[in-house]
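Descriptive structure summary
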Amino acid sequence: MLFVLAGFTVFGGLVALLAGAYGLRETRRIAAAGAATWALVKPAPPGSGRPLLQYETADGRVLELPSPVPPTRREPLTPGARVHLSYDPADPREVILLGRERTGLDRTFVAAGAAVLAVGLVLAMAAL
């Protein structure tokens, strides 16, 4: 029974660790190799807390997507403002706001995943 619990714990920790690592990798990749442009902040749709960002890609397409980060008191993302973003040229719907990358959640997933993974490995060793 303890071995099954250890297996689920290891699996859960590994999933969290990989999810956080993937998020960090994607943020770094888009920041480094993405195409930078300016976006117009538009009002949030009804029922959404995130405003829309309208920008033009290098090939002339105009996209309008929800902001990847919510507005904060320090950085309100007011309608009509312009923000600097970077997008993945292969998939222009993948964007980050330059200077407002939120890597804290991804780092938390990596740390929590590593901790849960370690607990699972200790449980597995105790089950043997």
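Residues numbered from 1 in each chain as written. Predicted model: local features only at pLDDT ≥ 70, side-chain atom pairs only at ≥ 80, totals over all residues. Heavy atoms only, no water.

As recorded in an unreviewed UniProt entry, the protein chain goes by the name DUF3592 domain-containing protein, listed as coming from Streptomyces melanogenes.

1. Thoughts on the side chain of S67
As a reminder, the rule being used: Labels follow the DSSP assignment, with helices taken as runs of H or I lasting at least four residues and strands as runs of E lasting at least two, numbered in each case from the N terminus. Nitrogen and oxygen atoms within 3.5 Å of one another constitute a polar contact, given that in protein one can donate a hydrogen and the other can accept it, and given that sequence-neighbouring residues count only through two side-chain atoms. What makes two residues a contact is simply this: any of their non-hydrogen atoms within 4.5 Å.
Mapped onto the elements, S67 comes out in the loop between β3 (62-66) and β4 (82-88). A polar contact of 2.6 Å, which involves the side chain of S67, links it to the backbone oxygen of V69. The contacts of S67, once residues within four sequence positions are left out, are R50, P51, L53, L77 and L97.

2. A look at the UniProt feature "transmembrane region" (unreviewed entry) in the protein chain
Under the convention used in this document: UniProt positions are given in the numbering used here, feature names are shortened, and annotations may be inferred rather than shown by experiment.
Here the UniProt feature "transmembrane region" (unreviewed entry) sits at residues 6-24 and 108-127. Span residues 6-24 is 100% helix and 0% strand, its end C-alpha atoms 27 Å apart. In the segment residues 108-127, helix accounts for 100% and strand for 0%; the C-alpha atoms at its two ends are 28 Å apart.

3. Things to note about helix α1 (residues 2-33)
Cut-off, in case you're wondering: Every helix has an expected span of 1.5 Å times one less than the residues it contains. Think of it in three bands: residues with accessible area under 20% of the maximum for their type are buried, residues over 50% are exposed, and the middle band is partly exposed, with areas taken using a 1.4 Å probe on protein chains only.
Along its 32 residues, α1 runs 46 Å from first to last C-alpha, staying within 8% of the 46 Å computed at 1.5 Å per residue. Every buried residue of α1 is listed here: A6, T9, G13, A16, G20, G23, L24, E26, T27 and I30. Looking at the buried side of α1, the elements it contacts are β4, β5 (91-97) and α2 (104-127).

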